[in-house]
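Structure at a glance
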2 protein chains.
Amino acid sequence: MEELNTPLLMFIAYRHAENAIFEGLAAAGYDDVTLAQGRLFARIRDEGSRVTELAESAQVTKQTAGYLVDQLVRLGYVERVPDPRDARARLVVPSAKGEEVREAAREIEKRIEDQWRAHLGTRRYTALREAMVALREVTDPWV
Amino acid sequence: MEELNTPLLMFIAYRHAENAIFEGLAAAGYDDVTLAQGRLFARIRDEGSRVTELAESAQVTKQTAGYLVDQLVRLGYVERVPDPRDARARLVVPSAKGEEVREAAREIEKRIEDQWRAHLGTRRYTALREAMVALREVTDPWV
DNA sequence: CTAGAATAGTCAGATATTCTGACCAGATGT
DNA sequence: ACATCTGGTCAGAATATCTGACTATTCTAG
């Protein structure tokens, strides 16, 4: 096994989890969502998110974000509701079906983390997670 | 700051590094490569890689990989040479210009890892890296 | 050694994703 | 109240990606 750089190692692990979640959801019947739609969907906060927020957090243009939200609306996973705090804005919130998906995704995600914890041992896994949280301070402009 | 799941934390860090490298290369004059091309390019091994290998490692179809390699050839970053071991196959190898880019990218990547190490402290950073390498055993089908 | 299966890669055509530029309506600051 | 900023959309183009079909070469089991 070659010596890969650290960011790439992180990407490998991330993508593994993403694949597992995507495939798990498809197996559970949620097979009409594409990866791009799913990535955006995963960014929606519980209270709902604005299109602009989603665009920033997923690092796409707001046009792209809007386009993907349209499709999620059509598929019945989210709804657009007015944002009471700003008449220009609308909040993208998960529908009932969307909440089901979120729950299912969280379930799978939890299984993956459990697998990782089992593989590394609780001590190392906790340290890893803690280090990733700390790293976010220098890697996430949205903190 | 909310509690993000571990895979997403990894993605955030990865993308930060990817952005920095992409922007750094653009600033150094390599501004004609797209992200998709760059991602594929980053997978090319020193000895050269086959299109099929690149496709597998980047998780795209071989058609897509071939399409991106075509563009990299046209931009002068890689060449296709016959694979002496298999007359069906051709190896994608970096050109002289491609080697320059690789070197520049490695340079930036190193600076990022140095920054991370400085932020976490050598002890935690080393532990993080070591954990990521170990994690690869359960997340990378290509190990 | 040879037929059949597998592998490396390409061509063609369709779909999905993403971008740039222009624009509107509501909010904010002086 | 005027200019500016912000949230979002519309239109059109470029990029990336896929599925399906195909050729050429290699591998494998008789």
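One structure accompanies this document, and this report is about it.

**Structural notes on the protein's contact with DNA strand D**
Taken together, 23 residues form the shell around DNA strand D, and within it Thr52(A), Gly66(A), Ala89(A), Thr34(B) and Ala87(B) come nearest. For the surface near DNA strand D, the elements supplying multiple residues, two or more each, are helix H3 (51–58) and helix H4 (62–75) of chain A together with helix H2 (35–41) and helix H4 (62–75) of chain B. Split into classes, the residues belonging to the surface near DNA strand D amount to eight nonpolar, eight polar and seven charged.

**Details of the protein's contact with DNA strand C**
As a structural note, the neighbourhood of DNA strand C is formed by 23 residues, with Thr34(A), Ala87(A), Thr52(B), Gly66(B) and Ala89(B) the closest of them. Taken together, the elements giving at least two residues each to the surface near DNA strand C come down to helix H2 (35–41) and H4 of chain A together with helix H3 (51–58) and H4 of chain B. It is H4(A) that provides the largest number of residues to the surface near DNA strand C, a total of four residues. For the surface near DNA strand C, the residue count by class is eight nonpolar, eight polar and seven charged.

**Comments concerning the nonpolar core**
Judged by nonpolar contacts, the single largest core of 64 residues is most densely connected at Met10(A), Ala13(A), Met10(B) and Ala13(B). When residues in this core are grouped by element, the largest group, nine residues, is from helix H1 (residues 6–27) of chain B. Sequence-distant contacts of Ala13(A), defined by excluding residues within four places in its chain, comprise Pro7(B), Met10(B), Met132(B), Leu135(B) and Thr139(B).

**Comments concerning unusual backbone geometry**
What you tend to see is this: most non-glycine residues have negative phi, and most peptide bonds are trans. All names here are of chain A. A positive phi angle, near 55°, is found at Gln59, a position not held by glycine. For Gln59, the location among the structural elements is in the loop between H3 and H4. Given 10 C-beta atoms within 10 Å, Gln59 falls into the exposed group.

About the criteria used
Residues numbered from 1 in each chain as written. Chains lettered and ligands numbered in written order. Predicted model: local features only at pLDDT ≥ 70, side-chain atom pairs only at ≥ 80, totals over all residues. Near = placed C-beta within 6 Å. Helix = DSSP H or I, 4+ residues; strand = E, 2+ residues; numbered from the N terminus. Nonpolar A, V, L, I, M, F, W, Y, C, P; charged D, E, K, R; others polar. Core = buried A, V, L, I, M, F, W, Y, C linked by C-beta atoms within 7 Å. Buried ≥ 20, exposed ≤ 12 C-beta atoms within 10 Å, placed from the backbone. Contact = placed C-beta atoms within 7 Å.

Honestly, that's just the spatial picture; any functional story needs more than this.
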